[in-house]
Amino acid sequence: MPARIPLDANAILAATEEILRRHGPDKATVVDVARALGVSHAAVYKHFPSKQVLREAVTRRWLDRDRDTLAAIAADSAVPPAQRLRAWLHAVLAVKQAKIREDPELFAAYGILAAAHSTVATDHVADLLGQLAAIIADGAADGSFRTGDAEATARVVFHATAKFNHLAHAAEWQDPGIGTELDEVCGLLLEGLQAPASS
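Everything numeric here is computed off the predicted structure, so don't read it as measured data.

> Could you clarify how one ought to interpret the UniProt feature "DNA-binding region" (unreviewed entry) in the protein in this entry?
The UniProt entry lists residues 29–48 under the feature "DNA-binding region" (unreviewed entry), expressed in the numbering used here. As annotated, residues 29–48 has a helix share of 75% and a strand share of 0%, and its two end C-alpha atoms lie 13 Å apart.

This is how it looks when you write it as structure tokens:
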């Protein structure tokens, strides 16, 4: 049967997203994707050699949609590092809340990949850590943060805020007081990070 649209990687990824939303990660198949595109499953496999590779590509694309928003906050040198750190941590939580609320099936697909230690999950965390380290490095450079190792400090901050970014805590992200809790943790972290005022 002829394809209704030109078959390329983007068309396959878009169709796979829709199939995942409709059937969920446990029931979605490559045959479903092929049927939605009007092609054979072999045609899909020419672009993505396995179901796992296809699922990883879809999830990576889904995660990357919010990357630029977070990166822009991290890179905004017009905002002081302490304020930027707080804003970035809140933005990460807001992105995660939106993803689980608006796209629960794709969030579940991400959870499966994370549990399997997929590079999609590790790359996503590495990217977030890089953004966080950039904020902390800016704070160290202007003297507002005390740290000799921005990357190590970023890991500590990320782990200290795991309740607000790790999918193991996803059920808690819709709690009404979660933003206030994050703000309290931010206050404590910033108090520890900030350089003492010179006397």
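> Looking at this structure, I do not really get the side chain of Glu-17. What am I missing?
As for its placement among the helices and strands, Glu-17 is situated in helix H1 (residues 9–23). Among the polar contacts made by the side chain of Glu-17, one reaches the side chain of Arg-61 at a distance of 3.2 Å. For Glu-17, the side chain forms a polar contact with the side chain of Arg-65, separated by 2.4 Å. If we skip the residues at most four places from it in the chain, Glu-17 touches Val-58, Arg-61, Arg-65 and Leu-106.

> Would you explain the packing of helix H6 (residues 81–102) against helix H8 (residues 119–141) in this entry?
For any two helices packed against each other, one specifies the crossing angle of their axes together with the interaxial distance. H8 packs onto H6 with a crossing angle of 160° between their chain directions and a minimal axis gap of 8 Å. One way to sum up the angle between H6 and H8 is to call them roughly antiparallel. As for how H6 packs across H8, the hand of that crossing is right-handed. Counted together, Pro-81, Arg-84, Leu-85, Trp-88 and Lys-96 of H6 and His-124, Leu-128, Gln-131, Leu-132, Ile-135, Asp-138 and Gly-139 of H8 form the full contact between these two elements.

> Help me out: how do you make sense of the pattern of salt bridges in this one?
Pairing is possible between side chains of opposite charge, provided their charged atoms come close. Going through the model one piece at a time under the given rule, you end up with 15 salt bridges. In this structure, Arg-65 and Glu-17 form a salt bridge, with 2.4 Å as the shortest nitrogen-oxygen distance. Taken together, the residues span a long stretch of sequence, with Arg-65 in the loop between helix H4 (51–64) and helix H5 (67–75) and Glu-17 in helix H1 at a distance of 48 residues. For Arg-65, a relative accessible area of 43% translates into the label partly exposed. Since its relative accessible area comes to 4%, Glu-17 is described here as buried.

> Teacher, can you tell me more about helix H7 (residues 104–115) here?
Working note: α-helix, 3.6 residues per turn, so residues spaced by three or four point in the same direction. The terminal C-alpha atoms of H7 lie 16 Å apart, and with twelve residues this matches the ideal 16 Å at 1.5 Å per residue to within 8%. Three or more residues of H7 are buried, namely Leu-106, Phe-107, Ala-109, Tyr-110, Gly-111 and Leu-113. Elements in contact with the buried residues of H7: H1, H4, H6 and H8. Phi turns positive one or two residues past the end of H7, at His-117, with a value near 60°.

> In this structure, what is going on with the UniProt feature "domain: HTH tetR-type" (unreviewed entry) in the protein? I would like to understand it.
Following the UniProt record, one finds the feature "domain: HTH tetR-type" (unreviewed entry) at residues 6–66. The span residues 6–66 is 72% helix and 0% strand, and its two end C-alpha atoms sit 27 Å from each other.

> Explanation requested: the packing of aromatic side chains in the structure shown.
Both the distance between ring centres and the angle between the ring planes are used here to describe each pair of aromatic rings. On inspection of all chains with the given rule, the structure shows three aromatic pairs. An angle of 75° between the planes, with centres 6.5 Å apart, marks the rings of Trp-62 and Phe-107 as edge-to-face. With Trp-62 in helix H4 and Phe-107 in helix H7, the pair connects residues that are 45 residues apart, well separated along the chain. A ring pair is formed by Phe-107 and Trp-173, whose centres lie 5.9 Å apart and whose planes are at 85°; its orientation type is edge-to-face. With a gap of 66 residues between them, Phe-107 in helix H7 and Trp-173 in the loop between helix H9 (150–160) and helix H10 (178–193) connect regions that are remote in the sequence. Taken as a pair, Phe-107 and Trp-173 share a single burial class, namely buried. An aromatic cluster of at least three residues, connected via ring pairs, comprises Trp-62, Phe-107, Tyr-110 and Trp-173.

Thresholds applied
- Residues numbered from 1 in each chain as written.
- Predicted model: local features only at pLDDT ≥ 70, side-chain atom pairs only at ≥ 80, totals over all residues.
- Heavy atoms only, no water.
- UniProt positions renumbered as here; feature names shortened; annotations may be inferred.
- Helix = DSSP H or I, 4+ residues; strand = E, 2+ residues; numbered from the N terminus.
- Polar contact = N/O pair within 3.5 Å; in protein donor to acceptor, adjacent residues only side chain to side chain.
- Contact = heavy atoms within 4.5 Å.
- Axes fitted to C-alpha atoms, helices over the stretch in contact; angles between N-to-C directions.
- Parallel < 35°, antiparallel > 145°, perpendicular 65-115°, else oblique.
- Left-handed = near helix turned anticlockwise from the far one by under 90°.
- Salt bridge = Lys/Arg side-chain N within 4 Å of Asp/Glu carboxyl O.
- Buried < 20%, exposed > 50% of the residue type's maximum accessible area, 1.4 Å probe, protein only.
- Expected span 1.5 Å × (residues − 1).
- Phe/Tyr/Trp six-rings, centres within 6.5 Å; stacked < 30°, edge-to-face > 60°.

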